[in-house]
There are 2 protein chains.
Amino acid sequence: MEDGTSKSPGYCGDTADLYDVLQWDTRQDCEVRQILDRIADKWSLLVIALLDQQSLRFTELRRRIDGISQRMLARTLRHLERDGLVSRTVHPSVPPRVDYELTPLGATLHHTIRALVTWTEEHQREIAYARSAYDARVAAEQEAMEREAAQRDAIAREVLAAGAARVTRTSADSRPR
Amino acid sequence: MEDGTSKSPGYCGDTADLYDVLQWDTRQDCEVRQILDRIADKWSLLVIALLDQQSLRFTELRRRIDGISQRMLARTLRHLERDGLVSRTVHPSVPPRVDYELTPLGATLHHTIRALVTWTEEHQREIAYARSAYDARVAAEQEAMEREAAQRDAIAREVLAAGAARVTRTSADSRPR
DNA sequence: CGGAATCCGCCACGATACTG
DNA sequence: CAGTATCGTGGCGGATTCCG
């Protein structure tokens, strides 16, 4: 089975059905986070998006996503199937044909994901701008640091040179004694 | 700088501003996916959720999240700051005090994230059920496989025993010759 | 064609120690 | 308190091979 969900020992239990939504912060390191990590996965997102439009077979998905390895596609599909988000249909024919499609549950997820993606698309430019601004700031700071270091270095060298000269003189003075 | 966004060579460029939203599937392996991977991150989600309620300082976040390493918290915060989602305010005092709070941009994200988390919470049980059903199916299949294998094994042993007996007889018959 | 299994590089993450 | 720097490691993900 390679690596499954690995029912972590940190399973916090669903004893509290009606927990305060305003406090999903601390205790949510149980199942919710895990599910989120799975569906927010890079490939899962793509697969769900593609399957919303129509059912597809393995190779079609592989071609469309282009960049995914067969291993990751198989893994992703099995995960989604396990979570009940996509359904797998095997047509007994030669060559074998397997179709994947979104379950009703998966379809509801799609809307939410779409919202997230839409947000990202809408604010893409703002984020890019913020990033460049941040990077510029950091670069400026680093440059300032380097200039300062260079200055310190220069001063240190000067002092050392003067000290060496003084030492030479001093030793010359003390030698006769 | 350790490891940053690592502007991947796969940067597809934002040349197409008005791309068909219905086809964000294939070409989205550019910036959108990267942004999504960042904000849909396990820790980022938590930090954003926590900061929506009020501004917090480093250690407060650390305590509340509980399970995050100082390294990941620092990384996450710097990422979010770079993306312009949270703002960092340093109060020059002893001991030093740093406050983090959501920017307006980050506040807009919070609603979307909340929607995603809400979806997860709402369908948590369905997913858990689907998983157990899937696991049960797989376990049953594997058990069937093993039973079949055991049967094959028994049959094979029987045949081998019979064959050995025949061989013994045959060799006994052929010895006198 | 649709996978499963194996090998392996690499880096993301965690734990620790040190700085200011 | 609020980080940065360093090291060790687990597992993610890619390439390859084989099976039904």
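The coordinates are above.
Here the residue numbers are simple positions, counted from 1 along each chain's written sequence. Chains and ligands are labelled by the order in which they are written, letters from A for the one and numbers from 1 for the other. Only residues with pLDDT of 70 or above have their local features reported here, since the model is predicted, and side-chain atom pairs are shown and tallied only from 80 upward, although totals for entire chains, interfaces and linings are computed over all residues. To get the side-chain values, take all heavy atoms of the structure and skip hydrogens and water.

Okay, the protein's contact with DNA strand C next. Thr 59, Arg 88 and Tyr 100 of chain A together with Gln 70 and Met 72 of chain B are the nearest of the 18 residues found near DNA strand C. We call a residue near a given molecule or strand whenever any one of its heavy atoms falls within 4 Å of it. The sugar-phosphate backbone supplies 68% of the atoms of DNA strand C found within 4 Å of the protein. Elements with a minimum of two residues in the surface near DNA strand C: helix 4 (58–65), helix 5 (70–82) and strand 3 (97–102) of chain A together with helix 4 (70–82) of chain B. In the surface near DNA strand C, the residues fall into 8 nonpolar, 3 polar and 7 charged. Working definition: helices are DSSP H or I runs of at least four residues, strands are E runs of at least two. Numbering for both runs from the N terminus. Here the term charged refers only to Asp, Glu, Lys and Arg, the term nonpolar to Ala, Val, Leu, Ile, Met, Phe, Trp, Tyr, Cys and Pro, and the term polar to all other amino acids, Gly among them.

This brings us to helix 3 (residues 42–53) of chain A. Residues and elements named next belong to chain A. In terms of residue burial, helix 3 counts as a mostly covered element, since 9 of its 12 residues are buried. Accessible area is worked out with a 1.4 Å probe on protein chains only. A residue is then buried under 20% of its type maximum, exposed over 50%, and partly exposed in between. Within the span of helix 3, buried status applies to Trp 43, Ser 44, Leu 45, Leu 46, Val 47, Ile 48, Ala 49, Leu 50 and Leu 51. The definition of a polar contact used here is a pair of N or O atoms within 3.5 Å, where within protein one atom must be able to donate a hydrogen and the other to accept one, and adjacent residues in sequence count solely through side-chain atom pairs. With a side-chain oxygen lying 3.1 Å from the backbone nitrogen of Trp 43, the N-terminal cap of helix 3 falls on Asp 41.

Further remarks concern the sheet that holds strand 1 (residues 56–57) of chain A. Residues and elements named next belong to chain A. Taken in spatial order, the 3 strands of this open sheet run 1-3-2, and their pairing is antiparallel. Either end of the sheet is taken by a strand with one partner, and the two such strands are strand 1 and strand 2 (86–91). In this scheme, strands are said to pair when DSSP sees at least two bridges between them. Bridge analysis of strand 1 against strand 3 gives 2 bridges, and the strand direction is antiparallel. Pairing of Arg 57 across the sheet is with Asp 99, part of strand 3. Whether two residues are in contact is decided by their heavy atoms, any of which lying within 4.5 Å being enough. Fitted lines through C-alpha atoms give the axes, limited to the stretch in contact for helices. The angle between two N-to-C directions lies from 0 to 180 degrees. Running at roughly 95° to strand 3, helix 3 makes contact with strand 1, strand 2 and strand 3 of the sheet.

All right, on to the sheet that holds strand 1 (residues 56–57) of chain B then. Spatial strand order, 1-3-2 (chain B): 3 strands in an open sheet with antiparallel pairing. Two strands in the sheet have a free side with no partner beyond their single neighbour: strand 1 and strand 2 (86–91) of chain B.

What follows is about the packing of helix 2 (residues 31–39) of chain A against helix 2 (residues 42–53) of chain B. One can describe the packing of helix 2 of chain A onto helix 2 of chain B by two numbers: an axis separation of 10 Å at closest approach and a directional angle of 125°. In terms of axis orientation, helix 2 of chain A runs oblique to helix 2 of chain B. Here the hand of the crossing between helix 2 of chain A and helix 2 of chain B comes out right-handed. Contacts between helix 2 of chain A and helix 2 of chain B involve Arg 33, Leu 36 and Asp 37 of chain A from the former and Lys 42, Trp 43, Leu 45 and Leu 46 of chain B from the latter. A class-by-class count of the residues in the contact of helix 2 of chain A with helix 2 of chain B yields 4 nonpolar, no polar and 3 charged. For classification, angles of less than 35 degrees are called roughly parallel, those exceeding 145 degrees roughly antiparallel, those between 65 and 115 degrees roughly perpendicular, and all remaining angles oblique. Crossing handedness: left-handed means the near helix sits turned counterclockwise from the far one by under a right angle, and right-handed means the same turn made clockwise.

Turning our attention to the interface of chain A and chain B. Between chain A and chain B, the contact holds 59 residues from the first and 59 residues from the second. We define buried area as the total accessible area lost by two parts upon association, computed with a 1.4 Å probe and summed across both. Carbon and sulfur atoms supply 60% of the area buried between chain A and chain B, which totals about 5,900 Å² over both sides. By definition here, a salt bridge exists when the distance from a side-chain nitrogen of Lys or Arg to a carboxyl oxygen of Asp or Glu is within 4 Å. If you look at where chain A meets chain B, you find 6 salt bridges. Where chain A meets chain B, there are 10 residue pairs in polar contact (both at pLDDT 80 or more).

As a further point, take the relation of the copies chain A and chain B. Overlaid copies result from least-squares superposition on C-alpha atoms, with residues included only where pLDDT is at least 70 in both. Overlay of chain A on chain B (RMSD 0.2 Å): rotation 180°, translation along the axis 0.0 Å. Such a combination of rotation and displacement between the chain copies is what one expects of a two-fold axis. Looking at the rotation axis and the C-alpha trace of chain A, the residue lying nearest is Ala 40 of chain A, at 3.0 Å. Most of the interface of chain A is mirrored in chain B, where 98% of its interface residues again form contacts.

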